[in-house]
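# Structure assessment
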Amino acid sequence: MASAVSGTGETPENPPPPSEPETIEAVPLRRPGRWIAAAVLLVLLGLFVYGAATNPAYRWGTYWKYLFDRRISEGALVTLELTVLSMVIGVILGVLLAMMRLSPNPVLRAVSWVYLWIFRGTPVYIQLVFWGLVPSLYQTVQLGIPFGGPAVVHWDVQDWSQPFLFAMIGLGLNEAAYMAEIVRAGVNSVDEGQREASVALGMSWGQTMRRTVLPQAMRVIIPPTGNELISMLKTTSLVAAIPLTTDLYGRARDIYGINFQPIPLLLVSATWYLAITSILMIGQFYLERYYSRGATRNPTPRQLRALATAQNITEAGK
């Protein structure tokens with residue numbers, strides 16, 4: 001049976017090609033409320049800056065006089081050293097506590113839980129006060145056979161009467177409790193199949209954590225660890241409880257204790273804290289980007305160029 005043929009030569013077996021859809025011209029929505037809100041905020045900010053600049057109570061002359069003072073810069077260096085050393089103690093001990101918390105050994109889990117319960121449940125200021133009173137609480141520390149036995153190791157605590165040392169230990173031990181929970185959350189974020197595959201390859205529990213789980217957990221651990229580092233920098237201002245007076249805030253406090261001008265000196269210390277925090281935030285950004293490679297679907301410009309080059313080579317080969 002012959003098929004019907006139209007005057008245009010179209011048959012049921014050969015339908016006409018679909019016509020291209022019309023181009024849609026997208027018109028962005030106008031949102032005047034955003035511009036009004038931005039203008040209001042800029043006006044308020046300008047008024048605040050102008051009021052602060054013209055307010056004689058701020059004593060900007062004193063501010064600029066002590067902003068780059070040698071005592072302030074030396075205090076900033078001590079603060080940075082205290083932050084880094086305390087954070088190193090916190091990270092190392094935090095990883096150990098997290099591994100104990102995840103260990104199948106019930107004794108290790110109990111010890112880790114008690115440690116976290118004490119150090120997370122008490123204020124860090126009170127902990128620092130106790131560390132400052134250690135030379136008064138303990139004259140000597142001895143390790144040996146208990147109940148009157150001979151001492152193997154003997155330390156004179158009075159020789160440790162260094163505020164920087166006690167501040168570093170107090171801040172580090174407190175930070176370890178929070179780092180332990182951060183590491184534990186990162187370890188738990190790794191798929192259980194990764195651990196099962198490592199065990200199937202003959203790895204022990206410690207090897208599985210060190211070679212398989214922890215490297216993958218870093219992308220979850222790094223962001224809150226960076227926040228803890230920045231928080232540690234600001235927490236160092238509490239070491240006045242020990243007391244430590246050579247840090248940034250301690251230097252500023254000593255100066256305005258003499259000239260009785262606390263406002264400009266507090267602004268000086270706040271400026272230095274803000275500058276150091278900004279540098280740490282930049283380092284945190286690059287560190288997060290390094291450990292998040294392969295975890296995002298948004299390729300970088302370098303990855304896009306490499307993909308385009310590979311596609312061109314493939315097309316040329318065809």
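Residues numbered from 1 in each chain as written. Predicted model: local features only at pLDDT ≥ 70, side-chain atom pairs only at ≥ 80, totals over all residues. Heavy atoms only, no water.

## Points about the environment of Val129
We apply this condition: Put simply, DSSP marks the helices as runs of H or I at least four residues long and the strands as runs of E at least two long, and each gets a number from the N terminus on.
When you line up the elements, Val129 lands in helix α5 (residues 124–132). For the pair Val129 and Gly170, spaced 41 residues apart in sequence, the C-alpha to C-alpha distance is 9.2 Å.

## Looking at the nonpolar core
The criterion, for reference: Among the buried residues, those of types Ala, Val, Leu, Ile, Met, Phe, Trp, Tyr and Cys that are joined through side-chain atoms within 4.5 Å form a nonpolar core. When a residue's accessible area, from a 1.4 Å probe over protein chains only, is under 20% of the maximum for its type it is buried; when over 50% it is exposed; and in between it is partly exposed. Any pair of residues with heavy atoms lying within 4.5 Å of one another is described as a contacting pair.
Counting residues in each nonpolar core, the largest one holds 26 residues, and the members touching the most others are Leu82, Met99, Leu128, Leu171, Val183, Val187 and Val239. Where this core is concerned, the elements lending two or more residues are α3 (70–102), α5, α7 (163–188) and α9 (205–235). Examining the composition of this core, we find that eight residues originate from one element, α7, more than from any other. Look past the residues within four positions of Leu128 in its chain and what remains in contact with it is Ala167, Gly170, Leu171, Leu238, Val239, Ala241 and Ile242. One finds Leu67, Ala76, Ala252 and Val268 within the second-largest nonpolar core, a separate group that totals 14 residues.

## As for the confidence of the model for the chain
Counted only if it meets this: The pLDDT value expresses, per residue, how confident the predictor is, ranging between 0 and 100.
Predicted confidence across the chain gives a mean pLDDT of 83, with 80% of residues reaching 70 or more. Note that residues 1–5 has pLDDT below 50 and, in this model, three contacts with residues that lie over four places away or in other chains.

## Observations regarding the packing of aromatic side chains
Here is the rule we go by: Each Phe, Tyr or Trp ring, with Trp reduced to its six-membered ring, pairs with another whose centre is within 6.5 Å; inter-plane angles below 30 degrees give stacked pairs, above 60 give edge-to-face pairs, and intermediate values give tilted ones.
Enumeration according to the criterion identifies seven aromatic pairs in this entry. Measuring from ring centre to ring centre gives 5.5 Å for Tyr58 and Trp60, while their planes differ by 10°; the resulting arrangement is stacked. Note on Tyr58: relative accessible area 24%, which makes it partly exposed. Their ring planes at 10° and their centres at 6.0 Å tell us that Trp113 and Trp117 sit as a pair that is stacked. Of the two residues, Trp113 and Trp117 both sit in helix α4 (residues 106–121), four residues apart, roughly one turn of that helix. On the accessibility criterion, Trp113 (47% relative accessible area) is partly exposed. Every member of this aromatic cluster is reached through a ring pair, and the members are Tyr58, Trp60, Tyr63 and Trp64.

## Considerations on the side chain of Asp69
Relative to the helices and strands, Asp69 is located in the loop between α2 (60–66) and α3. A residue is classified by how much of its surface remains accessible, and Asp69, at 17% relative accessible area, is buried.

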